[in-house]
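What follows is the residue order along each chain.
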Amino acid sequence: MHDFKPNFLMMKEQPAKINSLKHVLFGSLIGTTIEFFDFYIYANAAVLVFPQLFFPGASSTNSTLESLATFSIAFLARPLGSAVFGHYGDKIGRKVTLVVALLTMGISTVSIGFLPSYASIGILAPILLMLCRFGQGVGLGGEWGGAVLLAIENAPPHKRAWYGMFPQLGAPIGLILSGGTFLLLTDSMSAEDFMDYGWRIPFIASSLLVIVGFYIRLKITETPAFENSKEEQKEVKVPFVTVFKLYKNQLIFGTLAAVTTFLVFYLMTVFILNWNTKSLGFTNKEALLIQLFSVLFFAVFIPISALAADKIGRRKMLIYTTIAIAVFGFFFSFFLTTHNIVLVTFFVCLGMSLMGFIYGPLGTFLSELFPTTVRYTGASLTFNLAGILGAAFAPMAAIKLSDSFGIASVGIYLTIAACISLISLLVISKQEHKF
């Protein structure tokens, strides 16, 4: 009996041709921008909106913690997305998998914009919110790895970090778009109107971005590395099993090496947003402006770090930056106990600059740990398992630490994580697999 393949899956069987530079870089960037925009509007809403609308009745701190607990669900779902989309990305191709991942994320995000509040349907409201957040996590778990591979599997060997930083730029661009949208809405609407319906606008409007991303992704051809692997019949039966069986050390140490990346980012965004509004007394507008300004530094240092990583090596670049982050952790108590908005802004900008340095070459570094046959699965799993350890509960843990032991303990938390990542970077395999 012959296998039936829908027309949608036959896209991968078109005659092989070289992707243009424009399609490669824009195709990898647009998808991650949309995905991270969707992801971050939830992060902003989890601090500014959801505690009141979906978790009422508790104290302010508990409502925020319950809301941030739903935020963490996506990180728990991301490895599942990595395993599922990684399997098909390594088996049938990067292109089809990227399209489906984008749709999974988009549908989940738009659905949040139509959810009724706790006041309307009771406990079912937060349950539906958690279900949508789970869908976001599954989609992003499959998106990131495919976007990075689309870029670096089309890159010349001496420019892998440079190509690989384009999908990484989707993170700051998505954050600027999401933060800017929330800032515009909170500044132009009354607090009542924003809480009533204004917060729904960015979730629903993201459907327009998904349509654009879907169209662009359909125009992308398969990567040369994947096509060569198929022609040489190097396909593995179950990529997920192969990664755990043959590349366990790369998976473990790669995950630990990336933990600090997630932790520093979510401390500088979600935690700081909560700290600035709840502890330092800044308005939502002031806190969002600080966040948006700092993201510019994040975006600027991604390409700078990629250029440096192509010269000195991806691993060395990550080692140097991780050491700097470990030192940075000791300055939390100095900057975040002041109500001086200039000092706080400087501190957050410094943190986001370090984030740019470590994030730029990370995708290339993790992808080089695995061969083509399991690269989608391996890189995605490594990245998203690091998300669980470094970010899933980071905002909640930081809030608890700051409430119980003071803000200095949050910095120590970051320094300890950076030391773990540094050790992992020092002992991880230095082998780079063929592209």
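Rules and cut-offs
- Residues numbered from 1 in each chain as written.
- Predicted model: local features only at pLDDT ≥ 70, side-chain atom pairs only at ≥ 80, totals over all residues.
- Heavy atoms only, no water.
- Helix = DSSP H or I, 4+ residues; strand = E, 2+ residues; numbered from the N terminus.
- Contact = heavy atoms within 4.5 Å.
- Core = buried A, V, L, I, M, F, W, Y, C linked by side-chain atoms within 4.5 Å.
- Buried < 20%, exposed > 50% of the residue type's maximum accessible area, 1.4 Å probe, protein only.
- Expected span 1.5 Å × (residues − 1).
- Salt bridge = Lys/Arg side-chain N within 4 Å of Asp/Glu carboxyl O.
- pLDDT = per-residue confidence, 0-100.
- Phe/Tyr/Trp six-rings, centres within 6.5 Å; stacked < 30°, edge-to-face > 60°.

**Side note on the environment of Phe328**
With respect to the helices, strands and loops of the structure, Phe328 is situated in helix α15 (residues 314–328). The spatial distance from the C-alpha of Phe328 to the C-alpha of Leu350 is 8.7 Å, given a sequence separation of 22 residues. Not counting residues within four places of it along the chain, the set of residues in contact with Phe328 comprises Met268, Phe347, Leu350, Gly351, Leu354 and Leu414.

**Regarding the nonpolar core**
Counting residues in each nonpolar core, the largest one holds 131 residues, and the members touching the most others are Phe50, Tyr266, Phe332 and Tyr359. Per-element tally for this core: the top contributor is helix α13 (residues 248–278), with 16 residues. Other than its neighbours up to four places away in sequence, Phe332 contacts Leu267, Met268, Thr337, Phe347, Ile407, Val410, Gly411 and Leu414. In this structure, Ile30, Leu102, Val210 and Ile216 belong to the second largest nonpolar core, which totals five residues.

**A short note on helix α8 (residues 170–188)**
Taking 1.5 Å of rise per residue, the 19 residues of α8 would be expected to cover 27 Å, and the 27 Å separating its terminal C-alpha atoms lies within 8% of that figure. Listed in full, the buried residues belonging to α8 are Gly170, Ala171, Pro172, Gly174, Leu175, Ser178, Gly179, Phe182, Leu183 and Leu185.

**What to know about the pattern of salt bridges**
Here the structure, examined in full by the defined rule, presents five salt bridges. The residue Arg375 makes a salt bridge to Glu153 at a minimum N-O spacing of 3.0 Å. Of the two residues, Arg375 is situated in helix α19 (residues 375–392) and Glu153 in the loop between α6 (124–152) and α7 (160–168); the sequence distance between them amounts to 222 residues. Exposure remark for Arg375: the relative accessible area of 0% places this residue in the buried category. Residue Glu153 is classed as buried on the basis of its relative accessible area of 6%. In this structure, the salt-bridge partner of Asp310 is Arg314, at a minimum N-O distance of 3.0 Å. In this structure Asp310 comes out as partly exposed when scored by relative accessible area, which is 22%.

**A look at the environment of Val374**
Relative to the assigned elements, Val374 resides in the loop between α18 (362–367) and α19. Relative accessible area serves as the criterion here: at 0%, Val374 is assigned to the buried category. Through-space distance from the C-alpha of Val374 to that of Phe240 is 7.6 Å; in sequence the pair is 134 residues apart. Dropping the residues within four chain positions of it, Val374 is found in contact with Asp90, Val236, Pro239, Thr242, Val243 and Tyr247.

**Some remarks on the confidence of the model for the protein chain**
Atom-level detail of predicted coordinates should not be read off regions where pLDDT is low. The predicted model of the protein chain averages 86 in pLDDT, with 92% of residues at 70 or higher. The secondary-structure element of the protein chain with the lowest mean pLDDT is helix α11 (residues 224–231), recorded at 70, while α15 shows the highest, at 97. In this model, residues 1–16 is a region of pLDDT below 50 whose contacts with residues beyond four sequence positions or in other chains number 15 contacts.

**Some details on the packing of aromatic side chains**
Under the counting rule described, the total for this entry stands at 26 aromatic pairs. An angle of 90° between the planes, with centres 5.5 Å apart, marks the rings of Phe50 and Trp199 as edge-to-face. Of this pair, Phe50 sits in helix α2 (residues 50–53) while Trp199 sits in the loop between α9 (191–198) and α10 (200–218), and the two are 149 residues apart along the sequence. Trp199 matches Phe50 in its accessibility class, with the two residues each being buried. Residues Phe301 and Phe357 carry aromatic rings whose centres are separated by 4.9 Å and whose planes lie at 35° to one another, so their mutual orientation is tilted. You can see Phe301 sitting in helix α14 (residues 284–312) and its partner Phe357 sitting in helix α17 (residues 341–359), a full 56 residues away along the chain. By way of ring pairs, the aromatic residues Tyr40, Phe75, Phe265, Tyr266, Phe298 and Tyr359 are connected into one cluster.

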